[in-house]
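# Analysis of the macromolecular model
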Protein chains: 4
Amino acid sequence: MTTLISGGEVVSPQGVTPADVLVDGETITAVLAPGTAQTLGLVPDKTIDATGKYVLPGGIDVHTHLDMPFGGTFSVDDFETGTRAAAWGGTTTIIDFPVQKKGGSLQEAVDTWHAKADGKACIDYGFHAILADVNESSLKEMDVLVDQGVTSFKLFMAYPGVFLSTDDQIMQAMYRAADNGATIMMHAENGAAIDQIVTRAIAAGHTEPKYHGLTRPIALEAEAVGRATRMAEVTGAPLYFVHLSSGEAVDVVAQARDAGRNVFGETCPQYLFLDESDLARPDFEGAKYVCTPALRPQEEQAKLWRGLRTNDLSVVATDHCPFCFVPDKQLGRDDFRAIPNGLPGVEHRMDLLHMGVTKGEIGLARWVEIAAATPARMFGLYPRKGTISPGADADIVIYDPQATQTVSAQTHHMNVDYSVYEGWEFTGRVETVLSRGEVILADGEFSGSPGRGHFQQRSLSQYLV
Amino acid sequence: MTTLISGGEVVSPQGVTPADVLVDGETITAVLAPGTAQTLGLVPDKTIDATGKYVLPGGIDVHTHLDMPFGGTFSVDDFETGTRAAAWGGTTTIIDFPVQKKGGSLQEAVDTWHAKADGKACIDYGFHAILADVNESSLKEMDVLVDQGVTSFKLFMAYPGVFLSTDDQIMQAMYRAADNGATIMMHAENGAAIDQIVTRAIAAGHTEPKYHGLTRPIALEAEAVGRATRMAEVTGAPLYFVHLSSGEAVDVVAQARDAGRNVFGETCPQYLFLDESDLARPDFEGAKYVCTPALRPQEEQAKLWRGLRTNDLSVVATDHCPFCFVPDKQLGRDDFRAIPNGLPGVEHRMDLLHMGVTKGEIGLARWVEIAAATPARMFGLYPRKGTISPGADADIVIYDPQATQTVSAQTHHMNVDYSVYEGWEFTGRVETVLSRGEVILADGEFSGSPGRGHFQQRSLSQYLV
Amino acid sequence: MTTLISGGEVVSPQGVTPADVLVDGETITAVLAPGTAQTLGLVPDKTIDATGKYVLPGGIDVHTHLDMPFGGTFSVDDFETGTRAAAWGGTTTIIDFPVQKKGGSLQEAVDTWHAKADGKACIDYGFHAILADVNESSLKEMDVLVDQGVTSFKLFMAYPGVFLSTDDQIMQAMYRAADNGATIMMHAENGAAIDQIVTRAIAAGHTEPKYHGLTRPIALEAEAVGRATRMAEVTGAPLYFVHLSSGEAVDVVAQARDAGRNVFGETCPQYLFLDESDLARPDFEGAKYVCTPALRPQEEQAKLWRGLRTNDLSVVATDHCPFCFVPDKQLGRDDFRAIPNGLPGVEHRMDLLHMGVTKGEIGLARWVEIAAATPARMFGLYPRKGTISPGADADIVIYDPQATQTVSAQTHHMNVDYSVYEGWEFTGRVETVLSRGEVILADGEFSGSPGRGHFQQRSLSQYLV
Amino acid sequence: MTTLISGGEVVSPQGVTPADVLVDGETITAVLAPGTAQTLGLVPDKTIDATGKYVLPGGIDVHTHLDMPFGGTFSVDDFETGTRAAAWGGTTTIIDFPVQKKGGSLQEAVDTWHAKADGKACIDYGFHAILADVNESSLKEMDVLVDQGVTSFKLFMAYPGVFLSTDDQIMQAMYRAADNGATIMMHAENGAAIDQIVTRAIAAGHTEPKYHGLTRPIALEAEAVGRATRMAEVTGAPLYFVHLSSGEAVDVVAQARDAGRNVFGETCPQYLFLDESDLARPDFEGAKYVCTPALRPQEEQAKLWRGLRTNDLSVVATDHCPFCFVPDKQLGRDDFRAIPNGLPGVEHRMDLLHMGVTKGEIGLARWVEIAAATPARMFGLYPRKGTISPGADADIVIYDPQATQTVSAQTHHMNVDYSVYEGWEFTGRVETVLSRGEVILADGEFSGSPGRGHFQQRSLSQYLV
């Protein structure tokens, strides 16, 4: 079956051009100048009129935590609700994080995640593996997973006793990555140092949500970024920082990048649009905004936008990790340390970044670059994903830049009882979504079935020199 | 008439994908996945088999000086020989520099250059205007030229008494550019300071070609880059540095770019491949290598390649400005100051950069980016030029990455009696060149006729936020 | 005649220690531990009790403009009133600036200044020469003046058409200084660029005093600092920046100093204590605060204090250049460009810096270092001046850290009709001043006679490696 | 008893001046201009003629390891031989490092060290405490030790499992120091990361001494410096880096210092004069040069000298930690990890730095500053030590800048069987040493008795703002 998306403006990292897109089955088979379809006498099985709309490669959210175990419970979106919400927001691929257990194997983690996703995912998905226990055995497994298309491994410099890898562990994983070509993803905060600040805060009776932010200073994010960068310099591992939240952290990345190193930065919409004052909201509302790194002073937002323009930040992902305000977040009523860390966000990334366009922070080409094209190249999905090009999967979003919408937990599609953007007005809206050629969202209805999403074997990062 | 270029690997700044390219008349009308042409029953008038070859957007050389008056003579390539040589090297668009005379108008300069190009150019071309006399009148003309598609203006911080604009003149031109959106191009060397060093060298009897290099220190290039950057910061003008030659200069650009400014850098093949030892060649051979800025110590080359990888350098252009060794360069036998400044180079840019690919300095995608895609966006030619996309001009190069060639003045196509790459072996060679759909080079024969090239009205830079 | 200053706390750049100081004639002949005088049976002709007071080397103000011609009039303090006011404020040596006339000689300028000072100066003084006309002849005179003990030469990158030296002139002067060891002092602002901003402001009808500040951006101070630093790097000349006013300028100096260059920075009390809001005072009061560089946003003050602590700023001098509010400053009622540039300040430097001590910005040792010790070493007066050491001139200040005073034009000793610190309360006050062994201020009375001050031949800077 | 040191040139951080120094008992009681003693009719009990010599404050070596337990043995100089050798080299005060045992107390360590020093030390001495076990109890002891005049605490980021403190421990110690004003001294190398490199080297069969250097990259020194600096920023603790060895480490310190932080750097003569090629000497001779951080490439030396000139390095100390080549160093014949870490050096510091003067790296004033004056102020010994001033202890060195000497293990006074400077010719030699007024070295004979040295209670650092 063939579908012609005609009349739209195709947006790529290079710019915006009027073009028609021909889809045959699951694949884009041609991109055509306006009128060429007629000249060629092309008669598609179906035509979608995209006049006045943008035609984008489907968004790729490389940082989600679906169905993630957390202290007896789980993050509240599973692969069905999470991927459906993603699709509503114009995201057609996610990469989620299987979590190695202490004493457990990486393979076990990946297998568990396959089980979570199989039969549920509405869009395509890949996996990064969280290395929570770096040891001889798990180091060897890294090579095995790379062969399975899990080509990136996340380490934590935060969360001592839980996820934190010590520097000798990080070095070992980096050496392995330098050998097998995988990318090391890093949560860069000095957790050991932060814990001391937290201890002092608690001792001083500071238990409200805002102290979650006040105990995690920017200096200790920048420190960890610097430290990881040095270890990557020594070992030769490609290094990707997840969820950078501050200008100082970006500055350290910028220095490494200016020096020509394979170092990359990601930020998240919450750091671009929310700030530490949200953490101080009364009536424990601040708990809704507890994520890690913490929301920062408002002045950091401009520095992050600048980092996105200068490419010192290369990717925007969501770190989607939803917990309900009731009951989940209530766990920390008396002690901010007990508040589950994480925000819902997978549904709004494309729209929020489009607001960056309307506000003049970034251009249209950069929007598509940081939301789809670079994520694809960064994590070995290109040219299958992230581009409107012949041969690519027909993951396509038709986006109406004029439409407006109001965000609310009442109407959003994530399985969570609040929204950090409650009541916000967006300009721009996803109109139609194709996933591997199938229209899964159109006319305000979602038609994708759970289980239709496929696991994506990924190659190595395509940004390394 | 339709042509199908089939079986090749299309290289774009995003990567490399197998695709067929359909050309109809002067325009690319479709890019198709392999096999799609057959599926669609497409029967082109002509098919070019590109199997095993790269299919590239034609190169864009944004820095040439053809038929340029110099002390009673002219640079030795005119628009016919120069654009033909460019085409041989896979370049399908150049941007040349009309030179305002002291006391003369910009329009006059542009008109003169139209006359030089009309009826001669074998490929398309645009103009930047050299502002040699910033005054009330020429400032007003800037707006007029922008309307004519001459959207960039070059100023000199070097050459006192000839081209040098003083800082107050630079400020005025920058304010104008900030208003009309044009890009200020800058030759950044502190010419006033350099002249003092030169004076001392001559007084000390140092007249050989190598003193051309020894009297133009890197510090005074970096200084000028810093100064211009500050003035751009104050005025808001977009700023593009031509022919950067040193790591320190790149560092200053990097700082400005990290700060989010509209500051861009160009380098040239001679700074990537040649060095100051060439200037010291015996028997006055060094004179062949006299260009400005001067060739640098070899260690600078790695810094420039790094700058190309980090995008602190965005463009590679040639500064093609050929003079014959006999008689032109002989003028400076007794005094390096009298040696005409400039090197031939327009023919070898694509090949030399491909050598950067084979040596691992850059990837294929970056090759096309710095040689075609970014030049197009930087100078307002995109999406007409610089991309293999439907709707774009069919300026296409079919490049054989396996072929080899040996460079020699005996066989090159530039109208000059020597080559700075004499005897070098290149891996890779331009096989076929289409310019606006017409095959102008194939099977080792050039078939483009003088005058077929069109003047390109350019829009403003497409890199500004 | 011998004098023993006993019981005080001697402050040096190394710290504070209780010690007695023995003066014999014009010279300090011994520094003694408390009680040692008695042990030695020393019977001085006179004893000054300094119990509870600081004993400091007399302040050295290396930047004054006394009796300076300005558009038909003169700065309103001559060598008598100016040096007397200096002494009231604890300064026992000044270095003033003979001004070369365009077309005139340096020697002529120095001779004129000798005539201004002879018979008038109440304290010792030296000269820096202002190079307003760099040419063959004045370059040669630099060597002659060095032999006369005028070992520093001031150049201007500001004031086109008046004092500005072009970069080629600066290079020539720097080469000369590199040869003869003199220090180049630089007024670092890009005057040519600033003039364009001023022209636009005037064209827009912006004529009030505050536009003096708004038309001289920090970026163009930092630019000039960077440019001069580069030229010093090329030529090898020692370089001292007068009156730095902004954090960005200090940052550039810091980089050069970190790189080990002979680059030094001075700031002035007005930049540490006043800000651009003063320039915006109503009723033309802003004119009182017009000096160049202009007063900056208040946030710059902390950066300058930091620079003083880190030694990126090494000296505090006043740039004392007083003009009366009526009639002098009135010249610019309708056009800020006509307001005479300059503030009165020579009397308050030591007190204002002591306020820096009481506010915790600097320590006592640093106070003496930036106000006396470093100025002496920087400009070749050490060990004769700037230190309480045996063999040094007995230029000594006894300072009461507990006393308070209120500043007012009614009571100050400068010959000017206003004070920029009108009504400020200071903690700390000069109690007694000795100049070459003579008590010239004590018990609230000045007893120094005009003409008692001697010209000081200076050696080269003692900070160069 | 009074002694007059007459005719010499007193060297201070401010410069060099001819002056006589009067000593009464243990104290300097007066510093006199030449001739003043006669004028005052002063008749000292003894006169030392210092004509043609420098008169210096006795050197202060703030980094020694005497009688230090190491794997069943001890560093081979005890407080008698070590302090005697120090005195031979013009050092009159040392600060040694009591070592807390794991599970032991700080007080116990200090008491043990008192026992080592009592009755043995020939010169004065103080203690820093090594925090090898940061816990509730030892944190509390920090306050107690500060009251005992042990005001600085050393932590290690190197040596996992032995001395390494984790970041949470470092934070705790820093918070305590921020409260009580003590200085945190840091061995800055990322030991955890280094261990991984070492493991790989050993696995590859690389066991020779040179691999001690090749496994400790500069990047991991710079990393640790950066990390500690960030933690000091968060906690507010004063921070002093011991034995910095590389330009990158100095650069990080420079940034922190430019930002106005209380961060200081020390280097050692071995990093200024020796290099990694020494580690590669044949016949296991390289083992003599094994110290930590390891000797670096020769190019680092110039960067360290520059750091000393710019004051980014403030102190030179020896890290004197001698082990005999036979038998001690032989332990590592088959595995560089078993070579005792440390070099002998306490005897040669002043002479080696004087060689820096004769080679033009530093001036005389800076020599005294980095070797005596700054160490005194940095560690709370000023004004008792580190200065030729009335009231100070009469710790005085008379130094003959013309004398020459040849270094050899045959003739040096350290209790170790080799010298890393064997056969070097020095220009300059200590002639006479007074310690608290007593001549302990003169005419080539040492006359100081063991046990005459006193423990010095130290105040807090005097460099903090």
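The structure we're discussing is the one just above.
First, a word on scope: everything that follows refers to the structure included in this document. Remember, it's a predicted structure, so these values are computed and weren't measured experimentally. (Residues numbered from 1 in each chain as written. Chains lettered and ligands numbered in written order. Predicted model: local features only at pLDDT ≥ 70, side-chain atom pairs only at ≥ 80, totals over all residues. Heavy atoms only, no water.)

Superposition of the two copies of the chain requires a rotation about an axis together with a shift along that axis. If you rotate chain C by 180° and push it 0.0 Å along the axis, it lands on chain D with an RMSD of 0.0 Å. Each copy turns onto its partner about a two-fold axis. When each C-alpha of chain C is compared by its distance to the rotation axis, Val-31 of chain C comes out closest, at 2.7 Å. Most of the interface of chain C is mirrored in chain D, where 100% of its interface residues again form contacts. (Least-squares fit on C-alpha atoms with pLDDT ≥ 70 in both. Contact = heavy atoms within 4.5 Å.)

Residues and elements named next belong to chain A. For Glu-26, the position within the fold is in the loop between strand E4 (20–24) and strand E5 (27–32). Along the backbone, Glu-26 and Ala-392 are 366 residues apart, and their C-alpha atoms lie at a distance of 8.7 Å. Contact partners of Glu-26, with chain neighbours within four places excluded, come to Ala-392, Asp-393, Ala-394, Arg-436 and Gly-437. Reaching out from Glu-26, the side chain makes a polar contact with the side chain of Arg-436 at a distance of 3.1 Å. (Helix = DSSP H or I, 4+ residues; strand = E, 2+ residues; numbered from the N terminus. Polar contact = N/O pair within 3.5 Å; in protein donor to acceptor, adjacent residues only side chain to side chain.)

This next bit is on the interface of chain C and chain D. Between chain C and chain D, the contact holds 39 residues from the first and 39 residues from the second. When chain C packs against chain D, the two sides together hide about 2700 Å² of surface, and 57% of this comes from carbon and sulfur. The tally of links between chain C and chain D comes to zero salt bridges. Summed over the shared surface of chain C and chain D, the result is 11 residue pairs in polar contact (both at pLDDT 80 or more). Among the elements that make up the side of chain C that touches chain D, the one with the highest residue count is strand E5 (residues 27–32) of chain C (five residues). Among the residues forming the side of chain C that touches chain D, the class breakdown is 19 nonpolar, 11 polar and nine charged. Bridge analysis of E5 of chain C against strand E5 (residues 27–32) of chain D gives three bridges, and the strand direction is antiparallel. Across the sheet, the residue bridging to Val-31 of chain C is Val-31 of chain D, located in E5 of chain D. (Buried area = accessible area lost by both parts, 1.4 Å probe. Salt bridge = Lys/Arg side-chain N within 4 Å of Asp/Glu carboxyl O. Nonpolar A, V, L, I, M, F, W, Y, C, P; charged D, E, K, R; others polar. Pairing = 2+ DSSP bridges.)

Moving on, we get to the relation of the copies chain A and chain D. For the pair chain A and chain D, the superposition axis carries a translation of 0.0 Å, the fit reaches an RMSD of 0.0 Å, and the rotation angle comes to 180°. A share of 96% of interface residues in chain A that are also interface residues in chain D marks the association as one of identical surfaces.

For the rest of this paragraph, the subject is the side chain of Gln-169 of chain D. Mapped onto the fold, Gln-169 of chain D is located in helix H5 (residues 167–180). When neighbours within four sequence positions are excluded, Gln-169 of chain D is seen to be in contact with Val-134 and Leu-164 of chain D.

What follows deals with the side chain of His-412 of chain D. Residues and elements named next belong to chain D. Among the structural elements, His-412 can be located in the loop between strand E19 (396–406) and strand E20 (425–435). Looking at His-412, its side chain comes within polar contact range of the main-chain oxygen of Val-416, at 3.1 Å. Dropping the residues within four chain positions of it, His-412 is found in contact with Glu-347, His-348, Tyr-418 and Ser-419.

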